[in-house]
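# Architecture and fold: a report
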Amino acid sequence: MKNKIIILTVFAGLLLSACSDYLDRKPYTQPNNEDFLKTRENVESYINNLYTSLPAPAQYGIGVRGEEVNSDNILSEKYDMRLNGENNQFSGSDDWNKGYKNLRMVNYFFHYYAVSEVDETDEVLSLRGEAYFFRAYWHFYLLTRFGNIPIMDDFWDGNATLGGLQIPATKRADAARFILNDLKAAIGLIPEARANLHSRSKYSGLRVNRETAMILAMRVALYEGSWEKYHKGTDFATEDNSEEFFKEVMNWGDQYLFPAGLTLHMTATNPKATNIDDAFSELFNSNDLSNISEVTFWKKYSIADGVFNTVTQQLSGGVTDNVKPSGLSKSLVDNFLNVDGTPVDPTDEKYKDFNEVFKDRDGRLLAMVMHTGCKFKSNSLMNVRVYDETGTEAEQKEKNKDISSPRLNGDGIYKNVTGFHTRLGIDTTYVTGNCETAHVMFRYAEGLLCYAEAAAELGQYNDNVAEKTLKPLRQRAGVVYVTPVADPHFPFQGLPPAVQEVRRERRSELSLQGFRLDDLMRWRVAGTLKGVEGRGRGAYLGKDGVLYLSFSPSLRKEGLNHVLTDNEGWMDPLREYLPEGYKFNEDRDYLLPIPPDEIQMDHELNQNPGWPTK
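Residues numbered from 1 in each chain as written. Predicted model: local features only at pLDDT ≥ 70, side-chain atom pairs only at ≥ 80, totals over all residues. Heavy atoms only, no water.

In this section: the packing of helix 1 (residues 40–50) against helix 2 (residues 93–112). Close contact between helix 1 and helix 2 brings their axes to 10 Å; oriented N to C, the two are set at 165°. For the element pair helix 1 / helix 2, the angle class is roughly antiparallel. Classified by chirality, the crossing of helix 2 by helix 1 is left-handed. Residues Val43, Tyr46, Ile47, Asn49 and Leu50 of helix 1 lie in contact with helix 2, whose contacting residues are Met105, Val106, Tyr108 and Phe109. Tallied by class, residues from the contact of helix 1 with helix 2 come to eight nonpolar, one polar and no charged. (Axes fitted to C-alpha atoms, helices over the stretch in contact; angles between N-to-C directions. Helix = DSSP H or I, 4+ residues; strand = E, 2+ residues; numbered from the N terminus. Parallel < 35°, antiparallel > 145°, perpendicular 65-115°, else oblique. Left-handed = near helix turned anticlockwise from the far one by under 90°. Contact = heavy atoms within 4.5 Å. Nonpolar A, V, L, I, M, F, W, Y, C, P; charged D, E, K, R; others polar.)

And the structure:
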């Protein structure tokens, strides 16, 4: 099984729709409910099918690299409707249906599982542990979107009557506890669950494993703890169990994750690394992550087997969002520290120079954002310098042929609206056509950040915590660790310096990996994106700046005059789309609406705050 790509073919007909809509249906490819899940081979085939629902780049698209258009990390001409208060009462339907559809598939497994205890080998127990992981994963998916949710801990087809479907929602704290209990079952802490996940080393991270379950548990506990702390006193949190959940995060770290023997992928241990961004970059631009223990769970691609993606091709060509012209935000770029550990002053005049933005900065910024010296447009290097206008037209063309600036002209998804292209995930050795770049789903670094944040929230962040968490992350990025102090330019003010600094580190380490929206929601700071100042900016495009001057006079006249900027020359791509800025509804949009048809059918459900009840 090692390095084997999981072929997910069995039970394809199980891809059903909503939870309640399909409670009375049987799987289309059902051979025999009572007998099928009796052997290890059939159990493995069924569990393999559950992997198809996990998020990973499809053959065409950039997957998670473009997902954070729903936050302040990516600005797009197709702005996020939720951030602008444009969601409607049906906006939660897809998420609700997706979550409960996948829970039904997992509970079908538990209901019809028939392997005798005599035949429950270590392999079978680990596969059963994977099922507990998936049940936890999809309950958490629903929790983050809807808050109080009905717990689906059984196969409800037998209750597919109007009376049987009257299932009350479980309050969110208890739902989180249920999820954590499933993850304890997954790793063998609850013997009667008859499950015990293998460690990462068994399949080199290609299957769900103990370490991944630990990291998910820390993610769940941190989410719920911070949600209850920061939403306390609002309709979104009726109680405050934050201390319990923050302690749970630290307990998972101390008791299980730290002793697991995982290590960060560091430049010092990589003989091929030459730059401060190499070790971090290799987590996202490599084909094979089997020997990088930091990546606890990942997806492998193989062109020979017809399992490939085009992420490298699209990112290297300039795509940041597959739907509309877009670009990374100045806010994201400003988040990264200088190599001496000090924060940047985003008002400093030197940052009007595009190239100065990247000098002596955190290596993760260099890995994440395209800059001079990076492979770009498949066959050239990005090179931003002043265009030499002397000589004849032919001489100018020859003298300036090395210039390759961000794609600010034209239209379509290859056009960049901020000047900052995504670099994270580009395989720099192969930048055209189909590729096999691996997809990271869980990393040890996330566990470190969860631990550090919980400690900071409990007032227990100290040198010992820093030594285990932020210091090694900063070391890998080539940044000196400095004791946290308040930063007057940090987006979220009024926080203890340790909390502020952990939040900065989280954004630097986890951006463009699908975390940012959840962070904004659990910290209750989505409202800070409201208004003209909150809609985001891009690079400086004033006529005295090197980015503007890197274009030929004809391109300046014909193309750059269409680029939206503010009165000071900074790119302002949403100026005309959101003239008054985002209009996030803080009394409603922190949770999605429960689909109205679900409430009509299940009278025990209550609609989320701010949404119509009928």
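Continuing now.
Moving on, we come to the packing of aromatic side chains. Enumeration over the complete set of coordinates arrives at 31 aromatic pairs. Each ring, one from Trp96 and one from Tyr100, has its centre 4.8 Å from the other, and the planes form 50°; the classification is tilted. Remark: Tyr100 and Trp96 occur in helix 2; sequence separation between them is four residues, near one turn of the helix. Overall, the relative accessible area of 1% leaves Tyr100 in the buried class. Three or more aromatic residues link up through ring pairs in this structure, and these residues are Tyr46, Tyr108, Phe109, Phe110, Tyr112, Tyr113, Tyr132 and Phe155. Above the face of the Tyr141 ring, Arg145 is positioned so that its terminal group lies 3.6 Å from the ring centre. (Phe/Tyr/Trp six-rings, centres within 6.5 Å; stacked < 30°, edge-to-face > 60°. Buried < 20%, exposed > 50% of the residue type's maximum accessible area, 1.4 Å probe, protein only. Lys NZ or Arg CZ within 6 Å of the ring centre and 35° of its normal.)

This structure, assessed with the given rule, holds 51 salt bridges. Note that Asp519 is salt-bridged to Arg522, the shortest N-O span being 3.0 Å. Here Arg522 and Asp519 lie together in helix 17 (residues 516–522), a separation of three residues that amounts to about one turn. Look at the salt bridges and you will find they share partners, linking Glu294, Asp362, Arg364, Arg443, Arg474, Arg476, Asp487, Glu501, Arg504, Glu505 and Glu509 into a network. (Salt bridge = Lys/Arg side-chain N within 4 Å of Asp/Glu carboxyl O.)

Turning our attention to the environment of Thr263. Position of Thr263 among the secondary structure elements: in the loop between helix 7 (242–257) and helix 8 (278–285). Residue Thr263 is classed as partly exposed on the basis of its relative accessible area of 46%. Thr263 sits 259 residues away from Arg522 along the chain, and the two C-alpha atoms are 28 Å apart. If sequence neighbours within four positions are ignored, Thr263 has contacts with Ser293, Glu294 and Tyr444.

Close reading of the predicted structure is inappropriate where its pLDDT is low. Put simply, the protein chain has an average pLDDT of 91, and 92% of its residues get 70 or more. Long-range and interchain partners of residues 1–29, a stretch whose pLDDT sits below 50, account for 72 contacts in this model, where long-range means more than four residues apart. (pLDDT = per-residue confidence, 0-100.)

With respect to the element layout, His371 can be found in the loop between helix 11 (363–368) and strand 4 (375–376). Considering only alpha carbons, one finds His371 and Phe420, 49 residues apart in sequence, at a separation of 8.0 Å. There is a polar contact of 2.9 Å between the side chain of His371 and the backbone oxygen of Val369. (Polar contact = N/O pair within 3.5 Å; in protein donor to acceptor, adjacent residues only side chain to side chain.)

The subject of this paragraph is the side chain of Arg361. Turning to its location among the elements, Arg361 is positioned in the loop between helix 10 (330–335) and helix 11. Buried and unpaired, Arg361 has Asp334 as its nearest opposite-charge partner, separated by 5.3 Å. There is a polar contact of 2.7 Å between the side chain of Arg361 and the backbone oxygen of Val333. A polar contact of 2.8 Å, which involves the side chain of Arg361, links it to the backbone oxygen of Phe336. Residues contacting Arg361, with those up to four places away along its chain left out, are Ile276, Val333, Asp334, Phe336, Leu337, Asn338, Val339, Val344 and Tyr351. (Lys, Arg positive; Asp, Glu negative; His and termini not counted.)

For Asp360, which is not glycine, the phi torsion reads 55° and is therefore positive. Looking at the secondary structure, you find Asp360 in the loop between helix 10 and helix 11. Of the residues examined, Asp360 reaches a relative accessible area of 58% and is grouped as exposed. In this structure, Arg524 is a non-glycine residue whose phi angle is positive, near 55°. By the element assignment, Arg524 lies in the loop between helix 17 and helix 18 (531–534). On the basis of relative accessibility, which here comes to 39%, the residue Arg524 falls in the partly exposed class.

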